[in-house]
Amino acid sequence: MFSNFDYGVIERNWHYLFFDGMAFTLRLTLLAMTGGVVFGTLLAMMRLSSIKPLAWIAGAYVNVLRSIPLVLVIFWFYFLVPYIGAWVLHSNTPVRVGAFASSLLTFAMFEACYYCEIMRAGIQSIPRGQVAAGYAMGLNYWQTMGHIVLPQAFRNMVPILLTQTIILYQDVSLVYVLSITDFVGAASKVADRDGRLVEMYTFVALIYFVSCFALSMLVRKLQARIAVVR
Amino acid sequence: MIEITDVSKWYGTFQVLTQCSTHVGKGEVVVVCGPSGSGKSTLIKCVNGLEPFQKGEIRVDGISVSDAKTDLPKLRARIGMVFQNFELFPHMTVMQNLTLAQIKVLGRKQEAAHAKGIALLDRVGLKSQADKHPGNLSGGQQQRVAIARALCMDPIAMLFDEPTSALDPEMINEVLDVMVQLAQEGMTMMCVTHEMGFARRVAHRVIFMDEGSIVEDATKDDFFGKPRSERAQQFLSKILHH
């Protein structure tokens, strides 16, 4: 099966594959992770809020978005955002939003649902007494959250947050529906042009496997270290 | 200093506090005791608004705790509180624990807060532990740090919620010594504790609670000499005779 493999196609195109494709994938992953964690943490705080409407809105947001396939969200969002933007800005023509901005926003908002549930568990893992101690010293809600609860919650949840980020890293390949050139997109372009589909897709799978496996090993190591610190 | 008037509190339909009234004068040390589940911890947490209550009023230095217009964080910053489980912040060093609220709430400069922290650590005998994390200290040391942390805010009164209940027996005295010293210096204190030796040494008054009510509110000598209620007599005979 591998006898008529043309390994040269990888060698000839590696610069394009990694510096165009993979660079985009990593950039989108890291930016979407940052946005997703920040937004997800705010959602988690809302879900745990004693103000019922806030908790309800955040809960509805998370549950709705989690029940829709990601591909659909990416697609819809891409076509809807220009019109939403126009509506918000009272403009008559759709606002031009680049494919990158659109996909970044989509991933950040979609992944926020999952990061929200992780951070919610993290916040709930902090003993109530810690919050009471913060309040007793005169700290307000935001100070107690920012200095006492969230740093500890975040630390407890780092392994799971990273595991979710590995999933995000794989999900980013779905941007192909917007014809954006991520790692998979770059490989498929080369594959189509050179007629080397098997080589390219095998190579892509291999790279994904190696990088994800290495990352999850790293997470496991980190988990052990955090356990010792506590 | 602390005036508690007819305070009642319910969890759903279950009444945890029934018309509790008492007061703690300036410089007075009041010990609150009673069997577990009698509402004494709940009552002390009502004093700085950590627990809401449905009826009655609590005033600290003349300011109502339950009034919606009261700036609760500002009031809490003036009342020190020490918890059963210490509640030091494990992700910070001892010194960061001591300076956090000084900087964020009182607006002190880093150097001033640090100096204050060192002075109070010295006072509880833990000056050398400033850069450690709480997890590396013994329970008794952690609780002394917690007391120092509360004192950093220059409180007008201190609340103690069973400060020695989570400690190994050999560490109880190091914490009580700090509390005795504090009492002798004239700090206004309200202490939920089972340490009757502490009550005998420094308390001015003892409050005995049972099933959410204040059953006995007497001077120390009256309480230990001849408690009026049968329930308090039983309680005393149980905890003093072994």
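Fair warning: this is a prediction, and the values are worked out from it, not measured in the lab.

Peer 1: Just checking my understanding: could you explain the overall build of chain A for this structure?
Peer 2: Helix and strand counts for chain A stand at eight helices and zero strands. When the helices and strands of chain A are listed from N to C terminus, the series reads α-α-α-α-α-α-α-α. If you line up chain A on its principal axes, its C-alpha atoms span 70 × 55 × 25 Å. A total of 230 residues make up chain A; the buried ones form 33% of that total. Taking the intrachain contacts of chain A between residues at least 6 apart in sequence as the baseline, contacts between residues at least 24 apart amount to 73%.

Peer 1: Help me understand the overall build of chain B in this model?
Peer 2: Within chain B, the regular secondary structure consists of nine helices and 10 strands. Against the globule reference of 18 Å for 242 residues, chain B gives a C-alpha radius of gyration of 18 Å, in line with a compact fold. A buried classification covers 45% of the 242 residues belonging to chain B. In chain B, the share of contacts with a sequence separation of at least 24, taken over all contacts with a separation of at least 6, comes to 64%.

Peer 1: I tried to follow the sheet that holds strand β9 (residues 205–210) of chain B on my own but got confused; where do I start?
Peer 2: Note: strands within a sheet are paired through backbone hydrogen bonds, in either parallel or antiparallel orientation. Residues and elements named next belong to chain B. Taken in spatial order, the six strands make up an open sheet running β6-β7-β8-β3-β9-β10, and their pairing is mixed. What marks the edges here is a single partner per strand, and that holds for β6 (79–82) and β10 (213–219). The sheet shows a mean angle of 15 degrees between the axes of neighbouring strands, direction not considered. Pairing of strand β3 (residues 29–33) with strand β8 (residues 189–192), which is carried by four bridges, proceeds in the parallel orientation. Bridge pairing links Val30 to Met190 in β8.

Peer 1: Whenever I open this one, helix α5 (residues 128–136) of chain A confuses me. Can you help?
Peer 2: Since there are 3.6 residues in each turn of an α-helix, residues three or four apart along the chain are aligned in direction. Residues of α5(A) that are buried: A:Gln130, A:Ala132, A:Ala133, A:Gly134, A:Tyr135 and A:Ala136. Buried residues along α5(A) sit in contact with α6 (141–171) of chain A together with α2 (72–76) and β6 of chain B. Directly after α5(A), the chain includes A:Gly138, whose backbone phi takes a positive value near 100 degrees.

Peer 1: Hey, could you run me through the packing of helix α3 (residues 70–88) of chain A against helix α4 (residues 99–124) of chain A in this one?
Peer 2: Helix packing for two helices is described by the angle between their axes and how far apart those axes are. Residue and element names in this part refer to chain A. The N-to-C vectors of α3 and α4 enclose an angle of 130 degrees; their axes lie 9 Å apart at closest approach. Comparing their axes, α4 and α3 come out oblique. The way α3 lies across α4 gives a crossing that is right-handed. Here Leu70, Val73, Ile74, Phe77, Tyr78 and Val81 of α3 lie close against α4, whose contacting residues are Ala99, Ser102, Ser103, Leu105, Thr106 and Phe110. Taken together, the residues of the contact of α3 with α4 sort by class into nine nonpolar, three polar and no charged.

Peer 1: Teacher, can you tell me more about the sheet that holds strand β5 (residues 63–64) of chain B here?
Peer 2: Residue and element names in this part refer to chain B. Spatially, the four strands line up as an open sheet ordered β2-β1-β4-β5, and their pairing is antiparallel. Of all strands in the sheet, those with a lone pairing partner are β2 (14–24) and β5, marking the two edges. Across five bridges, the pairing between strand β1 (residues 2–11) and strand β4 (residues 55–60) is antiparallel. Paired with Thr5 across the bridge in β4 is Glu57.

Peer 1: Can you help me understand the environment of B:Gln54 in this one?
Peer 2: All names here are of chain B. Take Gln54: it is sitting in the loop between α1 (40–47) and β4. Residue Gln54 is classed as exposed on the basis of its 11 C-beta neighbours within 10 Å. Once you skip the residues sitting within four places of it in the chain, Gln54 turns out to touch Ser8, Lys9 and Trp10.

Peer 1: Hey, could you run me through the interface of chain B and chain A in this one?
Peer 2: By a widely used convention, the size of an interface equals the accessible area lost when the partners come together. Between chain B and chain A, the residue contacts involve 17 residues of the former and 16 residues of the latter. For the side of chain B that touches chain A, the class distribution of residues is 10 nonpolar, three polar and four charged.

Peer 1: Can you walk me through the pairing of strand β7 (residues 157–161) of chain B in this structure?
Peer 2: Strand residues, when the strand is regular, have side chains that alternate between the two faces of the sheet. All names here are of chain B. Burial analysis of β7 places five of its five residues in the buried class, which makes it a mostly covered element. With burial as the criterion, each face of β7 is covered, one bearing Ala157, Leu159 and Asp161 and the other bearing Met158 and Phe160. Two elements, β7 and β8, share four bridges in a ladder whose sense is parallel. Among the inter-strand pairings, Phe160 is bridged to a residue of β8, identified as Cys191. In this region the chain leaves β7, passes through helix α6 (residues 169–184) and returns to the parallel neighbour β8; the handedness of that crossover is right-handed.

Peer 1: What should I look at first to understand the packing of helix α1 (residues 8–47) of chain A against α4(A) in this one?
Peer 2: All names here are of chain A. Two elements in contact, α1 and α4, have axes separated by 5 Å at closest approach and are oriented at 50 degrees. Compared by their axis directions, α1 and α4 come out oblique. Relative to α4, α1 is oriented so that their crossing is right-handed. Contacts from Leu28, Leu31, Ala32, Gly35, Gly36, Val37, Phe39, Gly40, Thr41, Leu43, Ala44 and Arg47 of α1 reach α4 at Ser103, Leu104, Phe107, Ala108, Met109, Glu111, Ala112, Tyr115, Cys116, Met119, Arg120 and Ile123. Here the residues of the contact of α1 with α4 sort into 16 nonpolar, five polar and three charged.

Peer 1: I'm lost on the nonpolar core in this one. Help?
Peer 2: Here is a general trend for soluble globular proteins: nonpolar side chains tend to be buried in one another's company. Ranked by size, the top nonpolar core spans 110 residues in total, and within it A:Cys116, B:Val32, B:Val47, B:Ala148 and B:Met190 carry the most contacts. Here this core takes 11 residues from α4(A), the largest share from any one element. If we skip the residues at most four places from it in the chain, B:Ala148 touches B:Leu98, B:Leu120, B:Leu121, B:Arg123 and B:Val124. Counting 10 residues, the second largest nonpolar core, distinct from the first, contains A:Met22, A:Val190, A:Met200 and A:Phe203.

Peer 1: In this structure, what is going on with unusual backbone geometry? I would like to understand it.
Peer 2: Most peptide bonds take the trans form, and the phi angle of most residues other than glycine is negative. Despite not being glycine, A:Ser179 shows a phi value in the positive range, around 55 degrees. By secondary structure assignment, the location of A:Ser179 is in the loop between α6 and α7 (183–194). The backbone of B:Asp6 shows a phi angle near 50 degrees, a positive value even though the residue is not glycine. Mapped onto the elements of the fold, B:Asp6 is located in strand β1. Judged by C-beta crowding, with 13 C-beta atoms within 10 Å, B:Asp6 ranks as partly exposed.

Analysis parameters
- Residues numbered from 1 in each chain as written.
- Chains lettered and ligands numbered in written order.
- Predicted model: local features only at pLDDT ≥ 70, side-chain atom pairs only at ≥ 80, totals over all residues.
- Helix = DSSP H or I, 4+ residues; strand = E, 2+ residues; numbered from the N terminus.
- Buried ≥ 20, exposed ≤ 12 C-beta atoms within 10 Å, placed from the backbone.
- Contact = placed C-beta atoms within 7 Å.
- Rg over C-alpha atoms; globule rule 2.2 N^0.38 Å.
- Pairing = 2+ DSSP bridges.
- Axes fitted to C-alpha atoms, helices over the stretch in contact; angles between N-to-C directions.
- Parallel < 35°, antiparallel > 145°, perpendicular 65-115°, else oblique.
- Left-handed = near helix turned anticlockwise from the far one by under 90°.
- Nonpolar A, V, L, I, M, F, W, Y, C, P; charged D, E, K, R; others polar.
- Right-handed = clockwise from strand over helix to strand, strands pointing away.
- Core = buried A, V, L, I, M, F, W, Y, C linked by C-beta atoms within 7 Å.

Keep in mind that these numbers describe shape and distance, not what the molecule does.
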